[in-house]
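Next come the chains, spelled out residue by residue.
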Amino acid sequence: AAWRIGWGGEGGYLLGWVFAFAAILPLVGALWRRPETATPETAGEGTPESPSDQPGPIATLIAVLGALGAGALSLFVLRVDPDDAFYVNKAVFVAEHGVIPLRDTIFSPGTLPAIRGAGTAPVQSVEVLQGAIGHLFGLSGGTVAYMLTPPVASFLAVWSVYRLLRIWTGPRALVALVTSMLFLGFGGKTGYVFGVFFIGRIWQGKVILVAAVIPLLYLYLTRWARERRPVDAILLTATGITAVGLTSTATFLLPVISAAVAIGMLIAGLRGAWGALLPAAYPVGSGLVVALITQGEAIGNYVMPAHRAVHFVFATGVWCALTMTALLLAPWLMRARADAVVLGAGAVGAVVVMAPGIPELINSATSAGPVLWRLCWVAPIPAMAGVLAASAHRLLPSWASRYAVGAIAVPVAVIAAIAVGGQPIISGVRSVTVKSTPVWKYPAHELDRARAIDDTYDGDRPVLARRATMRAIALTTTRIQGVDPRDFYLPALDEPAAQHAARIALSKLMVPSNPAAPTTLARDLHTLDVGLVCLTDTQRNLSEALGGLGWRVHSAPEDLTCYGPASP
């Protein structure tokens, strides 16, 4: 399965998935046990593990230092993400106004409805929290998002994985953690792999979900399957609420995980299967509310087919083969049967949602469309890679285990596969670079341009500039708006047809190729009531066209020349 999916391409994916499904069936059979024949020990109701079965204080200290190191590094990492025009803009608005925006603040000062989809209802609230902190302490929303959130979230991500690996791998948790962090720190050579969803974008809620909350969810599910304590039921419910607060992706991701584990517990004869559904309660409820009040097209309607989604997240070649090996093998390496049930259920759920046609089927019920590739996050793959390195030596012949050969050789082999099949995410190849000082996650010169425009323009009408500059405006202020900070959102923007056509036409002019101004320029500027046009020296065609329309130089902030209409 790992070979066919990793190297088979689109044509070989179906056969690879069939192999993966066939590989997962024996696990289901091994975990099958009728409730009436299950004993407390085999059902996972044993006493908590002894301290001797846990990693020592030195291992925990190293984990803490590693988490602190990841937090520190996150301040210096720069990876530009265009979706910050949505995320950080909301934090900026809350920091400036002290209220939650219920309408659009990216393209308009609240005069347009919120962007359909994730922006329809304020269930995603991490940006509101960032803005509230900024409002309370007099900080910019961007400062909280880019300078305060990354170190805290990066620390929590490493610590969450370590807590999960402590319960899954016991004394070898440090070996597992090092492997998991290398898995995240490298990432595959293609695709949108897990490594990109770590310190490179940890200020975004969806990244916090996959890096920190999913490991915690599996930790609480494992403890629930073992002991069914009331505190774990509370934590499972709170995890579902927290996940939705981080990202709307939780509305379709957590129900899949919860359903898979609940079914797994039923098959295995473990009591309390209902508890596994607790994390799905709030995501399902909030998802239904958003679906009921959302009208029209959300952000695109393209659904990435299963084979593309898998390679998008798991890459190809050695990296994909390693990922699939960890996915299919890690459940067999669990020390306790309840642990195997939880992780095995996650693996089965991942294989099921990878089936050809499943993303399209789920889209028909959720309309999640372009983001359904995130179903590949169902299983905690980085932690499973750690389990593979720490525990796969148990599958070797007895002599290898007896002389500790396997305990050393297996993690070395896994780490070697990571090095061969991946590349460091901070190498610059994956648009991730490390700066010499802590930075906002956007080019500094564009931020300077946006702030200079804000300082020199006392109007409040829309600003037309290079797309990167308009996006920077969305990251620094909500007093003014760019005509098009993010063209990907345009299909979901609800506005009159004439305004929408004008917005698209003006946006097409803001490209590096210096296109000729259309004959509709004056009408388009008037339709959107544009108050300022800021151009670089290379945009000569548009500069000349504005002069012909009677626009005059308004100001020259930074390396721009800004034009305003001759009369208000």
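Remember, it's a predicted structure, so these values are computed and weren't measured experimentally.

A.B. asks: I'd like to hear about the overall build of the chain, residue by residue, with values.
C.D. replies: Helix and strand counts for the chain come out as 23 helices and six strands. The proportion of buried residues among the 568 residues of the chain is 55%. In the chain, 74% of the contacts between residues at least 6 apart in sequence involve partners at least 24 apart. Accessible surface for the chain amounts to roughly 22,300 Å². Of this, 66% is attributable to carbon and sulfur atoms.

A.B. asks: So what's going on with the nonpolar core? Residues and values would help.
C.D. replies: Core analysis: the largest hydrophobic core is formed by 123 residues, its most contacted members being Phe314, Met324 and Leu327. Top element by residues in this core is helix α8 (residues 205–227). It accounts for 15 residues. Apart from residues no more than four positions distant in its own chain, Met324 is found in contact with Ala2, Ile5, Ala20, Phe314 and Met354. Ala465, Ala502, Leu528 and Cys534 belong to the second largest nonpolar core, which has 38 residues in total.

A.B. asks: Run through the environment of Leu475, naming residues and quoting values.
C.D. replies: Mapped onto the secondary structure, Leu475 falls in helix α20 (residues 467–476). The spatial distance from the C-alpha of Leu475 to the C-alpha of Ile106 is 9.3 Å, given a sequence separation of 369 residues.

A.B. asks: How would you explain the state of the cysteines if you had to name every residue and give the values?
C.D. replies: Linking two cysteines covalently via their sulfur atoms produces the bond known as a disulfide. The final tally for this structure, using the stated rule, is one disulfide. Paired by a disulfide, Cys534 and Cys562 hold their sulfur atoms 2.1 Å apart. Measuring handedness by torsion sign, the sulfur bridge of Cys534 and Cys562 sits at about 105° and is right-handed. Here the residue Cys534 occupies a position in strand β4 (residues 532–535), and Cys562 occupies one in strand β6 (residues 561–564), the gap between them amounting to 28 residues. With respect to burial, Cys534 and Cys562 carry one shared label: buried. Note on Cys320: no disulfide assigned, nearest cysteine sulfur contributed by Cys376 at a separation of 9.6 Å.

A.B. asks: Let's hear about the sheet that holds β6: which residues, and what values?
C.D. replies: The strand order across the open sheet built from four strands is β3-β4-β6-β5, with neighbouring strands paired in mixed fashion. The open sheet terminates on both sides in strands that have one partner only, identified here as β3 (463–464) and β5 (552–555). Here β5 runs beside β6; their pairing, made up of three bridges, is antiparallel. By the bridge assignment, Val553 is partnered in β6 with Tyr563. Against the sheet, helix α23 (residues 540–548) contacts β4, β5 and β6, and its axis sits at roughly 145° relative to β4.

A.B. asks: Quick one: what's the story with helix α3 (residues 57–76), residue by residue and with numbers?
C.D. replies: When the terminal C-alpha atoms of α3 are compared, their 29 Å separation across 20 residues agrees well with the 28 Å that a helix rising 1.5 Å per residue should span. Within α3, burial applies to Ala59, Thr60, Ala63, Ala67, Ala70, Gly71, Ser74 and Leu75. Those residues of α3 hidden inside the fold are in contact with β1 (77–78), α6 (141–169) and α7 (173–186).

A.B. asks: Lay out the pairing of β6 in plain terms, naming residues and giving numbers.
C.D. replies: Two elements, β4 and β6, share three bridges in a ladder whose sense is antiparallel. Following the sheet pairing, Cys534 is matched in β6 by Cys562. What sits between β5 and β6 in their antiparallel hairpin is a turn of five residues, with Glu558 showing a positive phi close to 50°.

A.B. asks: Describe the packing of aromatic side chains, with residues and values.
C.D. replies: Taken as a whole, this structure holds twelve aromatic pairs when the rule is applied. Ring centres of Trp17 and Phe21 lie 5.3 Å apart, and the angle between their planes is 20°; this geometry places the pair in the stacked category. Remark: Phe21 and Trp17 occur in helix α2 (residues 9–31); sequence separation between them is four residues, near one turn of the helix. Classification of Trp17 as buried rests on a relative accessible area of 15%.

A.B. asks: With reference to specific residues and values, describe the side chain of Thr536.
C.D. replies: Structurally, Thr536 is set in the loop between β4 and α23. Within the structure, the side chain of Thr536 is placed 2.9 Å from the side chain of Thr538, a separation counted as a polar contact. Setting aside anything within four residues of it in sequence, one finds Thr536 in contact with Arg449, Arg466, Asp559 and Leu560.

A.B. asks: Any chance you could break down the environment of Gln423 for me, citing the residues and the numbers?
C.D. replies: Counting through the fold element by element, Gln423 comes out in the loop between α18 (405–421) and β2 (433–434). A sequence separation of 234 residues divides Gln423 from Lys189, and the C-alpha atoms of the two residues are 6.1 Å apart.

A.B. asks: Before we move on, could you go through the pattern of salt bridges and cite the residues and values that matter?
C.D. replies: Within the structure shown, the criterion is met by 13 salt bridges. One salt bridge connects Glu446 with Arg449, and the closest N-O pair in it is separated by 3.3 Å. Note that Glu446 and Arg449 are positioned in helix α19 (residues 444–456) at a spacing of three residues, about one turn of the helix. Judged by its relative accessible area of 7%, Glu446 falls in the buried class.

Basis of the calculations
Residue numbering note: each chain is counted from 1, following its sequence as written. At least 70 in pLDDT is required for a residue's local features to be given in this predicted model, at least 80 for side-chain atom pairs to be given and counted, and no such filter applies to totals for whole chains, interfaces and linings, which use all residues. The basis for every side-chain value is the complete set of non-hydrogen atoms in the structure, without hydrogens or water. Helical segments are the DSSP runs of H or I of at least four residues, strand segments are the runs of E of at least two, and each set is numbered from the N terminus. Relative accessibility decides the category of a residue: with a 1.4 Å probe and only protein chains considered, values under 20% of the type maximum give buried, values over 50% give exposed, and everything between is partly exposed. The contact definition used throughout considers only heavy atoms, calling two residues in contact when any of these lie within 4.5 Å. A 1.4 Å probe and the Shrake-Rupley method give the accessible areas. Residues count as covered only by the protein chains that appear here. To form a nonpolar core, buried Ala, Val, Leu, Ile, Met, Phe, Trp, Tyr and Cys residues must be joined to one another through side-chain atoms within 4.5 Å. Our working definition of a disulfide is a cysteine sulfur pair at a distance within 2.5 Å. Strand pairing is assigned whenever DSSP detects at least two bridges linking the two strands. Every axis corresponds to a line fitted to the C-alpha atoms, with the helix fit spanning only the stretch in contact, and the corresponding angles, defined between N-to-C directions, vary from 0 to 180 degrees. Helix span, as expected, comes to 1.5 Å for every residue beyond the first. Any Phe, Tyr or Trp ring, taking Trp's six-membered ring, that has another such ring centre within 6.5 Å forms a pair; planes under 30 degrees apart are called stacked, those over 60 apart edge-to-face, and the others tilted. Polar contact is defined as a pair of N or O atoms within 3.5 Å, subject to the rule that within protein one atom must be able to donate a hydrogen and the other to accept it, and that residues adjacent in sequence are counted only when both atoms are side-chain atoms. One side-chain nitrogen of Lys or Arg within 4 Å of one carboxyl oxygen of Asp or Glu is enough to make a salt bridge.

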